[in-house]
Amino acid sequence: MEVRQLVGQFMERMQMLRHLLPILPDEQLCVRFESEEGVALLAIGKEPAATEIEKDERNTLTVRGSTKALESLLSGELKLQQLVRLQEVYVSGSFRHMLLLESLLHLAKPYRHVG
């Protein structure tokens, strides 16, 4: 699946989960997922994302890796810290923002049906 589709699905899950609201930042955090396919942007914040995401470096987190690695991250198979340790993805930005993204990815993980 394409990274942009996975980011879109993650955004939809985040919007449906009201319990995530208290940990969302007041200022928009821009997360850039970069792979060989291209770039997918995600705006995280209490306020709905504007059509134009501001390019403030202090509020930008970049996650760079292969499409396969980003797919396993966004689908909840592997954690962000695991992928960083395995050197599958590289993260640039604030450590606090990285921990926030890790928390949101974990809390908005898709349910797996055991049957």
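Quick notes on the rules
Residues numbered from 1 in each chain as written. Predicted model: local features only at pLDDT ≥ 70, side-chain atom pairs only at ≥ 80, totals over all residues. Heavy atoms only, no water. Helix = DSSP H or I, 4+ residues; strand = E, 2+ residues; numbered from the N terminus. Buried < 20%, exposed > 50% of the residue type's maximum accessible area, 1.4 Å probe, protein only. Polar contact = N/O pair within 3.5 Å; in protein donor to acceptor, adjacent residues only side chain to side chain. Contact = heavy atoms within 4.5 Å. Pairing = 2+ DSSP bridges. Salt bridge = Lys/Arg side-chain N within 4 Å of Asp/Glu carboxyl O. Core = buried A, V, L, I, M, F, W, Y, C linked by side-chain atoms within 4.5 Å.

Some thoughts on the side chain of Asn59
Piece 1. Along the chain, the position of Asn59 falls in the loop between strand E2 (38–44) and strand E3 (60–65).
Piece 2. Given the relative accessible area of 16%, Asn59 is considered buried.
Piece 3. In this structure the side chain of Asn59 is engaged in a polar contact, spanning 2.9 Å, whose partner is the side chain of Glu27.
Piece 4. Beyond its immediate chain neighbours, meaning those up to four positions away, Asn59 contacts Glu27, Gln28, Leu29, Cys30 and His97.

A word on the pairing of strand E1 (residues 29–35)
Piece 1. Most of E1 is tucked away, with six of its seven residues classed as buried.
Piece 2. Looking at chain direction, E1 and E2 are connected through seven bridges and run antiparallel. The residue of E2 that forms the bridge with Leu29 is Ile44.
Piece 3. In textbook terms, the turn of a hairpin is the stretch between consecutive antiparallel strands, and for E1 and E2 this stretch comprises two residues.
Piece 4. Where E1 lies against E3, five bridges are found, and the strand directions are parallel. Residue pairing for E3: Phe33 is matched across the bridge by Val63.

A word on the pattern of salt bridges
Piece 1. Scanning the entire structure with this criterion turns up three salt bridges.
Piece 2. Salt-bridge contacts for Arg32 lead to Glu34; the nearest nitrogen and oxygen are separated by 2.8 Å.
Piece 3. Between Arg64 and Glu34 there is a salt bridge, with the nearest N and O atoms lying 2.7 Å from each other. In this pair, Arg64 is assigned in strand E3 and Glu34 in strand E1, connecting sequence segments 30 residues apart.
Piece 4. On the accessibility criterion, Arg64 (39% relative accessible area) is partly exposed.
Piece 5. Where salt bridges share partners, they join Arg32, Glu34 and Arg64 into one cluster.

Some thoughts on the nonpolar core
Piece 1. Among the nonpolar cores identified, the biggest contains 28 residues, and Val31, Phe33, Ile44, Val63 and Leu101 are the most heavily contacted of them.
Piece 2. Of all the secondary structure elements, the ones that give two or more residues to this core are helix H1 (3–16), E1, E2, E3, helix H2 (67–74), helix H3 (80–85) and helix H4 (95–107).
Piece 3. If we skip the residues at most four places from it in the chain, Val31 touches Ala40, Leu41, Leu42, Ile44, Leu61, Val63 and Leu101.

Geometric descriptors of this kind do not, in isolation, establish any biological role.
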